[in-house]
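Remarks on the overall topology
Now for the letters of each chain:
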Amino acid sequence: MNQPVSRASVHAFYADAILCGRNTAENLQAATSERFNTLLESIGDGTPHTALDLGYGAGTYTIALARAGFRVVAVDQIPSDSLLQRIDGASDWAHRIETRECLAENFAIDEDFGVVVAKDVLHYLARRDIESLLTSAVTHAQGANYHYLEVFTGITRRSADGSNLRIEGEADYSPETFRQVIERIYDGWDLTLLWSEHTEQDRRTGRNCFEATRATVIAANRAA
């Protein structure tokens, strides 16, 4: 039987970690991935220079996009103070970043974003909210657009005493059901789906507290 974890407690945990500059087991302070860097370097002039970072966290992907010349809408449920402090003084690109303090599922995608990033955030949402967000982003894609998603599937969480945990309302996709959703939503796009096993350890016990299959989605609307 799964022990429920409230979404409010998860929100509070990440807000505190970001505002205090504290790293977490999934390495919130990590640099942008090589896969993302390669994608960013490959984007040509036909892509709108607008970007959306859903759940920006420490702001690393938002900053990379702004430095690359994109106007970035950065969305997260945490106050923007830590990100604004991090970019303070970077006058040549910081002005391209616009923060929005709201839950990812409450953000209305109503414009054409050349790049959409959602890293390690979508799996916390309900399935209907994930699919609504991604469908809206695809619907509004008019140019040569690129979406980069990292989503945990097949998740197992354990407390320090070994009890199974489940966050209330989370998507809880299996790798196969997530693949089916992505292939349906991104029908007609060039789609790359990559899979890797991911584990995190409880620092107190040394035992695995989180196990999942991470899906990396790279979708390109080149036909536009």
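A few points on the structure. (Residues numbered from 1 in each chain as written. Predicted model: local features only at pLDDT ≥ 70, side-chain atom pairs only at ≥ 80, totals over all residues. Heavy atoms only, no water.)

1. Here we look at the overall build of the protein
Tallying secondary structure elements over the protein gives 6 helices and 9 strands in all. Relative to its length of 224 residues, the protein is compact, with a C-alpha radius of gyration of 17 Å against a globular reference of 17 Å. Each principal axis of the C-alpha distribution contributes one length, and for the protein these read about 55 × 40 × 30 Å. Each of the 224 residues in the protein was classed as buried or not, and the buried ones make up 50%. A separation threshold of at least 6 residues defines the contact pool for the protein, and within that pool the share at least 24 residues apart is 70%. Summed over all atoms, the accessible surface of the protein reaches about 10700 Å², with 46% contributed by carbon and sulfur. (Helix = DSSP H or I, 4+ residues; strand = E, 2+ residues; numbered from the N terminus. Rg over C-alpha atoms; globule rule 2.2 N^0.38 Å. Buried < 20%, exposed > 50% of the residue type's maximum accessible area, 1.4 Å probe, protein only. Contact = heavy atoms within 4.5 Å. Areas by Shrake-Rupley, 256 points an atom, 1.4 Å probe, with all protein chains shown as cover.)

2. What about the nonpolar core?
By size, the foremost hydrophobic cluster in this structure holds 37 residues, and its most contacted members are Leu52, Leu122, Leu149 and Tyr186. Of all elements in the fold, only α1 (7-19), β2 (50-54), β3 (71-76), β5 (115-119), α5 (127-139), β6 (146-158), α6 (175-185) and β9 (208-220) reach the threshold of two or more residues within this core. Sorting elements by how many residues they give to this core places α5 first, with 5 residues. Apart from residues no more than four positions distant in its own chain, Tyr186 is found in contact with Leu134, Val138, His147, Leu149, Leu191 and Ala219. Phe36, Ala66, Ala90 and Ile97 belong to the second largest nonpolar core, which has 30 residues in total. (Core = buried A, V, L, I, M, F, W, Y, C linked by side-chain atoms within 4.5 Å.)

3. Some remarks on α6
Residues of α6 that are buried include every one of Phe178, Val181, Ile182 and Ile185, and no others. Viewed end-on, α6 has its buried residues packed into an arc of 95°, placing them on one side of the element. Those residues of α6 that are buried lie in contact with α5, β6, β8 (190-201) and β9. (Arc of directions from axis to C-beta.)

4. Description of the packing of α5 against α6
Two numbers describe how α5 lies on α6: the axes approach to 10 Å, and their chain directions differ by 25°. As summarised for this structure, α5 and α6 are arranged roughly parallel, according to the angle between their axes. Our pair here, α5 against α6, has a crossing hand that is right-handed. Of the residues in α6, those in contact with Arg127, Glu131, Leu134, Thr135 and Val138 of α5 are Thr177, Val181, Ile182, Arg184 and Ile185. (Axes fitted to C-alpha atoms, helices over the stretch in contact; angles between N-to-C directions. Parallel < 35°, antiparallel > 145°, perpendicular 65-115°, else oblique. Left-handed = near helix turned anticlockwise from the far one by under 90°.)

5. Observations concerning unusual backbone geometry
Note: most peptide bonds trans; most residues except glycine with negative phi. Even without being glycine, Asp120 reaches a positive phi, approximately 55°. With respect to the helices and strands, Asp120 occurs in the loop between β5 and α5. One non-glycine residue with positive phi stands out, namely Asp172, at about 55°. Structurally, Asp172 can be placed in the loop between β7 (164-167) and α6.

6. Observations regarding α5
Compared with an ideal rise of 1.5 Å per residue, which puts 13 residues at 18 Å, α5 spans 18 Å between its outermost C-alpha atoms and is within 8% of the ideal. Every buried residue of α5 is listed here: Ile130, Glu131, Leu133, Leu134, Ser136, Ala137 and Val138. Here the buried face of α5 lies against β2, β5, β6 and α6. (Expected span 1.5 Å × (residues − 1).)

7. A word on the packing of aromatic side chains
Within the structure shown, the criterion is met by 8 aromatic pairs. With 5.0 Å between their ring centres and 85° between their planes, Phe13 and Tyr14 make a pair best called edge-to-face. Accessibility expressed as a relative area gives 17% for Tyr14, which makes it buried. Here the aromatic cluster, defined as three or more aromatic residues joined through ring pairs, consists of Phe13, Tyr14 and Tyr124. (Phe/Tyr/Trp six-rings, centres within 6.5 Å; stacked < 30°, edge-to-face > 60°.)

8. Re the side chain of Glu200
With respect to the helices and strands, the residue Glu200 is situated in strand β8. Although Glu200 lies buried, it forms no salt bridge, and the closest oppositely charged side chain, Arg214, sits 6.2 Å away as judged by the N-O distance. The contacts of Glu200, once residues within four sequence positions are left out, are Ala25, Glu26, Arg207, Asn208, Cys209 and Phe210. (Lys, Arg positive; Asp, Glu negative; His and termini not counted. Salt bridge = Lys/Arg side-chain N within 4 Å of Asp/Glu carboxyl O.)

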